[in-house]
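# Breakdown of the fold
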Amino acid sequence: MKIIGVTACPTGIAHTYMAAENLEKAAKAAGHQIKMETQGAMGIENELSAADVRNADVVIFAVDIEVEKKERFDGKKVIKVGVAEAIKNPGAVLARAIG
């Protein structure tokens, strides 16, 4: 399954990146393709391309703030969770996304 996602927290320093890393590790361990975009203190990093969005089966928003350029994901299946949930239990977030 092709999974994409965005992580973002109010300060965008640590938790944004921790959530992205944990989701990436969990997805790869389960045999899925994943690409995460971070929207942190440095702005948008590893920005998802139009092709990434078009080819994705599901989108995970692990965010505590509003996603920038959210309209890119219109029409896609989107699962929204808090950043803390993605950090603490990325496997459950993935299960929800692909279930």
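Attention here is on the structure that accompanies the text. (Residues numbered from 1 in each chain as written. Predicted model: local features only at pLDDT ≥ 70, side-chain atom pairs only at ≥ 80, totals over all residues. Heavy atoms only, no water.)

Glancing now at the packing of aromatic side chains. Summed over the entire model, instances satisfying the criterion amount to one aromatic pair. Judged by centre distance (5.2 Å) and plane angle (80°), the ring pair of F61 and F73 falls under edge-to-face. A residue pair is termed long-range when its members are at least 10 positions apart, and F61 in strand 4 (residues 58–63) and F73 in the loop between strand 4 and strand 5 (78–81) qualify at twelve residues. The two residues F61 and F73 agree in class, both being buried. (Phe/Tyr/Trp six-rings, centres within 6.5 Å; stacked < 30°, edge-to-face > 60°. Helix = DSSP H or I, 4+ residues; strand = E, 2+ residues; numbered from the N terminus. Buried < 20%, exposed > 50% of the residue type's maximum accessible area, 1.4 Å probe, protein only.)

Our next topic: the sheet that holds strand 5. Overall, mixed pairing links the five strands, which are arranged 3-2-1-4-5 in an open sheet. Every other strand in the sheet has two partners, leaving strand 3 (43–45) and strand 5 as the edge strands with one partner each. Taken pair by pair, the neighbouring strands of this sheet meet at an average axis angle of 15°, ignoring direction. Pairing between strand 1 (residues 2–8) and strand 2 (residues 33–40): six bridges, direction parallel. By the bridge assignment for strand 2, T7 is matched with T38. In this fold helix 1 (residues 15–29) packs onto strand 1, strand 2, strand 3 and strand 4, with an angle of close to 175° to the strand it touches most, strand 2. Packed on one face of the sheet, helix 4 (residues 90–98) meets strand 1, strand 4 and strand 5 and runs near 150° to strand 5. (Pairing = 2+ DSSP bridges. Axes fitted to C-alpha atoms, helices over the stretch in contact; angles between N-to-C directions. Contact = heavy atoms within 4.5 Å.)

Further remarks concern the pairing of strand 2. Residues in a regular strand project their side chains so that they alternate between the two faces of the sheet. Remark: the strand 1/helix 1/strand 2 crossover connection has right-handed handedness. Here strand 2 runs beside strand 3; their pairing, made up of three bridges, is antiparallel. Residue pairing for strand 3: G40 is matched across the bridge by G43. (Right-handed = clockwise from strand over helix to strand, strands pointing away.)

The next thing to look at is the nonpolar core. Ranked by internal contacts, the top residues of the largest apolar core, which has 20 residues, are I3, L23, I34, I60 and L94. Counting residues per element, the ones that place at least two in this core are helix 1, strand 2, strand 4, strand 5, helix 3 (83–88) and helix 4. Take this core: its biggest share by element is five residues, from helix 1. When sequence neighbours within four positions are dropped, the list of residues in contact with I34 reads I3, L23, E24, A27 and K28. Core analysis: the next-biggest nonpolar cluster, separate from the first, contains eleven residues, I4, A8, L48 and V63 among them. (Core = buried A, V, L, I, M, F, W, Y, C linked by side-chain atoms within 4.5 Å.)

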